[in-house]
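Observations on the three-dimensional arrangement
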There are 2 protein chains.
Amino acid sequence: MVRARKYVVKNRFQGSPKRSDYSIIEQDLPPLKDGEILVKTEWISVDPYLRAYNSAYPVPYDQFAFQVGVVQESKDPNHPVGSRIVSHKGWCNYSVVNMSAPFPSPENRHYKLPNIGNLSPSLAVGALGMPGATAYLAFLETGQPKPGETVVITGAGGAVGSLVGQIAKIKGCNVIGFTGSDKKAQLLKEELGFDKAFNYKSVNIEKALQEAAPNGVDIYFDNVGGEISSTIMYQMNYKGRVIVVGSISSYNSSANQLPQVTLVQPAILFKSLKVEGFLIWNWSLEQWNEAFVEIVKWIESGQLKAKEHISEGFDNLFDVFIGMLNGDNFGKAVVRI
Amino acid sequence: MVRARKYVVKNRFQGSPKRSDYSIIEQDLPPLKDGEILVKTEWISVDPYLRAYNSAYPVPYDQFAFQVGVVQESKDPNHPVGSRIVSHKGWCNYSVVNMSAPFPSPENRHYKLPNIGNLSPSLAVGALGMPGATAYLAFLETGQPKPGETVVITGAGGAVGSLVGQIAKIKGCNVIGFTGSDKKAQLLKEELGFDKAFNYKSVNIEKALQEAAPNGVDIYFDNVGGEISSTIMYQMNYKGRVIVVGSISSYNSSANQLPQVTLVQPAILFKSLKVEGFLIWNWSLEQWNEAFVEIVKWIESGQLKAKEHISEGFDNLFDVFIGMLNGDNFGKAVVRI
């Protein structure tokens, strides 16, 4: 019998999540049934959507998130002891999974660790997991970039943004990132090859953009929403594309008190923009895997750096989550259990 | 020699256009050269984009707009005396046009009156002109409606909106309109067959919409922008489409003082919306003509009513324009010269 621990969300968050919104529950896991496996968690992901989706789940709920674990016991010959599993079981140190059961929901998916060569399994919740699939599919499939186009990314230092900028460089684009500190802006340029990067908190965004993109913006990869999105949309070129992948700036707002920003319809109209919301759950595991194959190649060839912001310890998950929401991370925030 | 009159815009409009922003100029038109025709204006259009494009034209400029006229003198055998011409020559009582010259700009186009049967030539600046082509192409090509879908239209009593709602009914949609008076809301339902119509000034928009579209909105045809757009976008269904065709609520705002509204990125993201700006100038005359052929059939069969708000007199153009911007019209505002 295994004694397992998990985080349960008790409340609708009010503003920033509080530690008291969570309970840590201990429980004995039941013996495995046929087809089930027992997974010992190795890496847990924290992502902005954990905050955003709080209002969509009936409380209390087990804190979902992607995680990577190793099979400790198996009653499923396809997933033997020692093999690795990616699941949406979230903030727990052990879980029981039936790998052949249909997914309970589009986001609640589980799959064998993809072929990642000698790379760290932690990447399977980052550049080779949901954030990597998001960066790849949203930018390439929805954005349809062409060489020479100018791409602007907000939340550029985050798990998704830091990958999008590098993929855009691989595809021959001119890449401008906005991030939350001077330090991260510097890293985006020096480590990840962004053409320009700015601390949105300390620059005049409109001016910085006019100087960095004197010929206008073709693709805006929007991770954060807010007033900066309006400012960028008014700098876009005719037939520009806006991919809305996150709206982290408003995740701590309640639905009836969303921020007021400069309206965007005139920009959309007079520039014939296409603005599209991107939900990674609409894409199949097969499509994710196509992305992973390509990203593994880029990492192995040195064309792409999968930056990780690694923390340690099950008990630190809440703090890492809040830190990520505050922008403390550069690259993918992940916790080793 | 013909003595002609025209309106010249002298100033960048500040807020609502003022009569003093215009001069009426008289001038003698030069004799026709080979290939030219002299057109006597019969009908002049006033449209919201006349206000919006003021900031894009260097002042002073001749007030552009679509107009229908009859050929009075011709040095072009393809356009004989007595035939009718649609041009973008705007607010003038006579004009000289070279029909075979390339268009000076995408909007500055001219063409022979389409085949409109026994219908009034005035419709060639309305249901069988730019507004009709806009309604048809934006709704059907960009919106891709399916029978049974719910369509919401703002500016529903205007030249474009009043057509879109009827086309949506022809295509089997459930149609909800927002307009600026109780009277117009009633006309939308009783005369034009809208399923529901509301005076946006006097209802709680969110509540009205929840009741009128309990299963959500699939297509939002946005003529006005503003806070009502945000409200509607949060009521949309997964994979809904927003067609941004106008933003009339902000046309009197200067570019650096646009209204603040509830941000729309969370709606776009979590509902996987597609929001697209539609500019009719991107569509060729051939595409316009395909729309007109279909619209003529609908009008002749009684399926579609081309409502006109007719005023009289060259000297009243300014007042009709301001009235249209204030929403005085039901259907297409047009002036008989």
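Residues numbered from 1 in each chain as written. Chains lettered and ligands numbered in written order. Predicted model: local features only at pLDDT ≥ 70, side-chain atom pairs only at ≥ 80, totals over all residues. Heavy atoms only, no water.

Identification of chain A as Prostaglandin reductase 1 from Galleria mellonella is taken from an unreviewed UniProt entry. The UniProt entry for chain A carries the following text under Sequence similarities (unreviewed entry): "Belongs to the NADP-dependent oxidoreductase L4BD family." (UniProt positions renumbered as here; feature names shortened; annotations may be inferred.)

Right, let's talk about the interface of chain B and chain A for a bit. Interface size is often expressed as the accessible area that is lost when the parts come together. Contacts between the two partners involve 38 residues from chain B, matched on the other side by 38 residues from chain A. Counting each side, the surface lost to burial between chain B and chain A is near 2,900 Å², with a carbon and sulfur contribution of 63%. On the chain B side of the contact with chain A, Leu263(B), Gln265(B) and Leu269(B) bury the most area, a combined 22% of that side's loss. If you look at where chain B meets chain A, you find twelve residue pairs in polar contact (both at pLDDT 80 or more). At the level of secondary structure, the elements contributing two or more residues to the side of chain B that touches chain A comprise helix H6 (227–233), strand S13 (236–244), strand S14 (260–262), helix H7 (265–270) and strand S15 (274–277) of chain B. Of the residues forming the side of chain B that touches chain A, the biggest block, five residues, is contributed by H7(B). Broken down by class, the residue content of the side of chain B that touches chain A amounts to 21 nonpolar, twelve polar and five charged. Pairing of strand S14 (residues 260–262) of chain A with S14(B), which is carried by three bridges, proceeds in the antiparallel orientation. The partner of Gln260(A) across the bridge, within S14(B), is Thr262(B). (Contact = heavy atoms within 4.5 Å. Buried area = accessible area lost by both parts, 1.4 Å probe. Polar contact = N/O pair within 3.5 Å; in protein donor to acceptor, adjacent residues only side chain to side chain. Helix = DSSP H or I, 4+ residues; strand = E, 2+ residues; numbered from the N terminus. Nonpolar A, V, L, I, M, F, W, Y, C, P; charged D, E, K, R; others polar. Pairing = 2+ DSSP bridges.)

For the rest of this paragraph, the subject is the pairing of strand S3 (residues 36–45) of chain A. Residues and elements named next belong to chain A. In terms of residue burial, S3 counts as a mostly covered element, since nine of its ten residues are buried. Examined bridge by bridge, S3 and strand S7 (residues 94–98) share five bridges and lie antiparallel to one another. By the bridge assignment, isoleucine 37 is partnered in S7 with valine 97. With seven bridges connecting them, S3 and strand S5 (residues 67–74) associate as antiparallel partners. When the sheet's bridge partners are listed, isoleucine 37 is paired in S5 with serine 74. Alignment of S3 against strand S17 (residues 332–336), held across three bridges, turns out to be antiparallel. Across the sheet, residue tryptophan 43 finds its bridge partner in S17, namely arginine 336. (Buried < 20%, exposed > 50% of the residue type's maximum accessible area, 1.4 Å probe, protein only.)

A few words on the pattern of salt bridges. Within the structure shown, the criterion is met by 26 salt bridges over all chains. A salt bridge links Asp28(A) to Arg3(A); the shortest N-O distance between them is 3.1 Å. Of this pair, Asp28(A) sits in strand S2 (residues 22–29) while Arg3(A) sits in strand S1 (residues 2–9), placing them 25 residues apart in sequence. Residue Asp28(A) is classed as partly exposed on the basis of its relative accessible area of 39%. Taking the relative accessible area as the measure of exposure, Arg3(A) reaches 46% and is therefore partly exposed. Of the charged contacts, one joins Glu191(B) and Lys307(B) as a salt bridge, the two residues approaching to 2.6 Å between their closest N and O atoms. Of this pair, Glu191(B) sits in the loop between helix H4 (182–190) and strand S11 (196–199) while Lys307(B) is found in the loop between helix H8 (285–300) and strand S16 (308–312), placing the two residues 116 residues apart along the sequence. Owing to a relative accessible area of 28%, Glu191(B) belongs among the partly exposed residues under this scheme. By relative accessible area, Lys307(B) is classed as partly exposed at 25%. (Salt bridge = Lys/Arg side-chain N within 4 Å of Asp/Glu carboxyl O.)

Our next topic: the sheet that holds strand S13 (residues 236–244) of chain A. As summarised here, the arrangement of the twelve strands in space is S11(A)-S10(A)-S9(A)-S12(A)-S13(A)-S15(A)-S15(B)-S13(B)-S12(B)-S9(B)-S10(B)-S11(B), forming an open sheet in which the pairing is mixed. Looking at the sheet topology across the chains shown, the edges are occupied by strand S11 (196–199) of chain A together with S11 of chain B. The sheet shows a mean angle of 15° between the axes of neighbouring strands, taken without regard to direction. (Axes fitted to C-alpha atoms, helices over the stretch in contact; angles between N-to-C directions.)

Of the transformation placing chain B onto chain A, the axial shift is 0.0 Å and the rotation is 180°, giving an RMSD of 0.0 Å. Taken together, the rotation and translation describe the operation of a two-fold axis. When the interface residues of chain B are mapped onto chain A, 100% of them are again interface residues, pointing to one common binding face. (Least-squares fit on C-alpha atoms with pLDDT ≥ 70 in both.)

Here we come to unusual backbone geometry. Residue and element names in this part refer to chain A. A cis amide bond links valine 59 to the next residue, proline 60, at an omega of -5°. Following the sequence through the fold, proline 60 ends up in the loop between helix H1 (48–52) and strand S4 (61–62). Positioned with a positive phi, lysine 239 is a non-glycine residue whose angle comes to about 65°.

Residue and element names in this part refer to chain A. Taken domain by domain, chain A consists of domain 1 (2–126 + 306–336) and domain 2 (130–277). Counting residues at the interface gives 18 residues for domain 1 and 15 residues for domain 2. At the boundary of domain 1 with domain 2, total buried surface from both sides reaches about 1,500 Å², with 62% on carbon and sulfur atoms. Counting across the domain 1 and domain 2 interface gives one salt bridge. Linking domain 1 with domain 2 are seven residue pairs in polar contact (both at pLDDT 80 or more), by the criterion used here. For the side of domain 1 that touches domain 2, the element with the most residues is H1, which contributes four residues. In terms of residue class, the side of domain 1 that touches domain 2 is made up of eight nonpolar, six polar and four charged. (Domains from an automatic or database assignment.)

A separate point is the UniProt feature "domain: Enoyl reductase (ER)" (unreviewed entry) in chain A. If you check UniProt for "domain: Enoyl reductase (ER)" (unreviewed entry), the listed places come out as residues 15–335 of chain A in our numbering. The annotated region residues 15–335 of chain A carries 26% helix and 26% strand content, and the separation between its end C-alpha atoms amounts to 23 Å.

All names here are of chain A. Taking strand neighbours across the sheet as the criterion, the three strands line up as S2-S1-S4 in an open arrangement whose pairing is antiparallel. The two strands at the open ends of the sheet, each matched to only one other strand, are S2 and S4. Note: S1 against S4, two bridges, orientation antiparallel. Pairing of valine 9 across the sheet is with tyrosine 61, part of S4.

It is worth spelling out the packing of helix H2 (residues 130–142) of chain A against helix H3 (residues 161–170) of chain A at this point. Residues and elements named next belong to chain A. The N-to-C vectors of H2 and H3 enclose an angle of 45°; their axes lie 9 Å apart at closest approach. In terms of orientation, H2 lies oblique with respect to H3. Where H2 crosses over H3, the handedness of that crossing is right-handed. Where H2 approaches H3, its residues Pro131, Gly132, Ala135, Tyr136, Phe139 and Leu140 are matched on the opposing element by Leu163, Val164, Ile167 and Ala168. In terms of residue class, the contact of H2 with H3 is built from nine nonpolar, one polar and no charged. (Parallel < 35°, antiparallel > 145°, perpendicular 65-115°, else oblique. Left-handed = near helix turned anticlockwise from the far one by under 90°.)

What follows is about the nonpolar core. Among the nonpolar cores identified, the biggest contains 212 residues, and Trp288(A) and Trp288(B) are the most heavily contacted of them. Every residue in contact with Trp288(A), bar those within four places of it in the chain, is listed here: Phe66(A), Arg109(A), Tyr111(A), Met130(A), Ala133(A), Leu137(A), Ile280(A), Trp281(A) and Trp283(A). (Core = buried A, V, L, I, M, F, W, Y, C linked by side-chain atoms within 4.5 Å.)

A separate point is empty space enclosed by the protein. All names here are of chain A. Inspection of every chain in the model, using the stated rule, returns three cavities of 30 Å³ or more. Considered as a void within the structure, the largest cavity measures approximately 50 Å³ in volume. The wall of the largest cavity is formed by Leu123, Gly126, Ala127, Ala159, Ser162, Leu163, Ala306, Lys307, Glu308 and Lys332. Its residues placed into classes, the lining of the largest cavity shows five nonpolar, two polar and three charged. There are two domains that each give the lining of the largest cavity at least three residues, and those are domain 1 (2–126 + 306–336) and domain 2 (130–277). (1 Å grid on protein atoms, 1.4 Å probe; cavity = no way out; pocket = protein on both sides within 12 Å on 5 of 7 lines; lining within 4 Å. Points joined across faces, edges and corners; volume = space filled by probe spheres on them.)

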